[in-house]
Amino acid sequence: MNSKKENILVVDDNNDMLDLIQRQLKTFNYRTYKASSVNEAIEVLKNTTIDLLISDLNMPEINGMELLKYTDEHYPAIPKLVISGVPSIPNVVCAIKSGALDYLTKPFTSDELYKAIRSSLVKNNLLSYDFKNSKNENLYSNIIGKSVHSNNVVEIIERVKDTKATVLIEGESGTGKELIARAIHFTSKIAHKPFIVVNCGGIPENLAESELFGHIKGSFTGAIETKTGLFQAASGGTIFLDEIGNTPLSLQIKLLRVIQEKEILRVGATKPEKIDVRIISATNSNLEEMIAKDLFREDFYYRLNVVNIKTTPLRERKEDLPLLIKTFIDKYSNEYNKPGITISEKVTEVLLRYNWPGNIRELENIIQRMIIMSDDLITLNQVPENLKYHIPISPEIMKSLKEYEKEQILKVLAFVNHNKTKAAQILQIDRKTINQKIA
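Residues numbered from 1 in each chain as written. Predicted model: local features only at pLDDT ≥ 70, side-chain atom pairs only at ≥ 80, totals over all residues. Heavy atoms only, no water.

Turning to the sheet that holds strand β15 (residues 278-283), a few remarks are in order. Hydrogen bonds along the backbone pair up the strands of a sheet, which may run parallel or antiparallel. The strand order across the open sheet built from 5 strands is β9-β12-β15-β8-β16, with neighbouring strands paired in parallel fashion. In the strand order of this sheet, the two ends are held by β9 (195-199) and β16 (307-310), each with one partner. Shown here is a sheet whose adjacent strand axes are inclined to one another by a mean of 20°, direction ignored. When β9 meets strand β12 (residues 238-242), the two strands line up parallel, connected through 5 bridges. Residue pairing for β12: N199 is matched across the bridge by D242. (Pairing = 2+ DSSP bridges. Helix = DSSP H or I, 4+ residues; strand = E, 2+ residues; numbered from the N terminus. Axes fitted to C-alpha atoms, helices over the stretch in contact; angles between N-to-C directions.)

This brings us to the pattern of salt bridges. Oppositely charged side chains can pair when the atoms bearing their charge come close. Counted by the stated rule, this structure contains 24 salt bridges. Linking K34 and D19 is a salt bridge whose minimum nitrogen-to-oxygen distance equals 3.0 Å. Note that K34 is positioned in strand β2 (residues 31-35) and D19 in helix α1 (residues 15-27), a separation of 15 residues in sequence. Since its relative accessible area comes to 35%, K34 is described here as partly exposed. Here the salt bridges share partners, and the residues they tie into one network are E6, R118 and E319. (Salt bridge = Lys/Arg side-chain N within 4 Å of Asp/Glu carboxyl O. Buried < 20%, exposed > 50% of the residue type's maximum accessible area, 1.4 Å probe, protein only.)

A few words now on the packing of aromatic side chains. Each aromatic ring pair is described using two quantities: the centre-to-centre distance and the angle formed by the ring planes. For the structure shown, the criterion picks out 10 aromatic pairs. For the ring pair F186 and F195, a centre distance of 5.7 Å and an interplane angle of 50° mean the geometry is tilted. With a centroid separation of 4.7 Å and an interplanar angle of 85°, the aromatic rings of Y354 and W356 are classed as edge-to-face. Y354 sits in the buried class, given a relative accessible area of 13%. Joined through ring pairs, the aromatic side chains of F28, Y30 and Y114 make up one cluster. (Phe/Tyr/Trp six-rings, centres within 6.5 Å; stacked < 30°, edge-to-face > 60°.)

What follows deals with helix α2 (residues 38-47). If you check which residues of α2 are buried, you get V38, A41, I42, V44 and L45. Mapping the buried residues of α2 onto a view down its axis gives an arc of 160°, with all of them on the same face. Within α2, the exposed residues directed more than 90 degrees away from the buried face are K46 and N47. Check the buried side of α2 and you find it contacts β1 (7-11), β2 and α3 (64-74). (Arc of directions from axis to C-beta. Contact = heavy atoms within 4.5 Å.)

The next point concerns the packing of helix α8 (residues 205-213) against helix α10 (residues 249-261). Contact geometry for α8 and α10: axes closest at 10 Å, N-to-C directions at 15°. In this view, α8 runs roughly parallel relative to α10, as classed from their interaxial angle. Crossing of α8 over α10 shows right-handed handedness. For the pair formed by α8 and α10, the contact residues are E205, A208, E209, L212 and F213 on the first element and S250, L251, K254, L255 and V258 on the second. For the contact of α8 with α10, the class distribution of residues is 6 nonpolar, 1 polar and 3 charged. (Parallel < 35°, antiparallel > 145°, perpendicular 65-115°, else oblique. Left-handed = near helix turned anticlockwise from the far one by under 90°. Nonpolar A, V, L, I, M, F, W, Y, C, P; charged D, E, K, R; others polar.)

Okay, here's the thing in structure tokens:
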């Protein structure tokens, strides 16, 4: 799960629990240090670089809360995760005040442990990030991030940019698919050549062939002159077919031939024309599912998918949030003439917690809005309501008086073991009325 071996110190007076957590951490590719007491833990902290402290609270002699306080003052950069078999609200509050970023209750699953560890490491990275003074050191052709995902994407771009291989970019909306396509083109040796974007879902089906391949004068009603298509316009460069999943089957056949033969046929023409174009396509649809439903051609899919790049949603790569937030703050503070604007720690906590269904595009829009609505400091007042915690409240079900009466009578009957005489006495009505109202 984890490509980097962070050093994690686990402190618990229960040796079985220590061994269990160590085995789990090993499967996550973490390096583990164990301590069965606070004194042992302090010795490890003094002699080893630790990336995360996981500590039980209830231990003999010196308890885990003292260790949290000690670590918070002597090693403030180390994030802390608390585990406890006897949870209590005062303990949770005290642990958070002592610097703990998360709290796990025993027993917990391996998956719960992994998520808590990742959350603590990422949250610590975000909250300790200097948004005002840091530089965007992890920037590659406008691709921002230092996560494993971002590094993998950059590596693929470096390998593919100077080839003519077709590239398929798959991922959710807002994850930067066009940004990746642009990076492939504008870092390549053909960067000076055209980069043409085609929204395959935005061209009417009856005009798609003419738009893409051009047409001959008089080839159809309204064709008053010969037209060059988008493929010819991209000659020597790159054509980016966005939303390729929305391409009609009839057009997929023609595009398949373009890829295979490296030539196009204008509408109304009899002689094909050779083209020299790199094809990059992108989709937020599951093309394999579309193939199973006969909505997308399998042979076309494999022609498009010579090199595959899968974008990762922002909720799964929150390590990139600090750099992205910094970038958008710099961008829009300059745009709106608000230099030196900063963001509060509480706001960064909200941004980290949120799952970003709209991904990077949603993050950028929200940062832009918050900067517009703030002065020198972005606070919780500028955070959109949908990002904040919400308590689900079931709407009150409106009932008739008759329904309420029937419910109350049935409750009383259950209370008196269905003795209608006793129920009538409690309700101060007669047996006949009870029978009528529950009928």
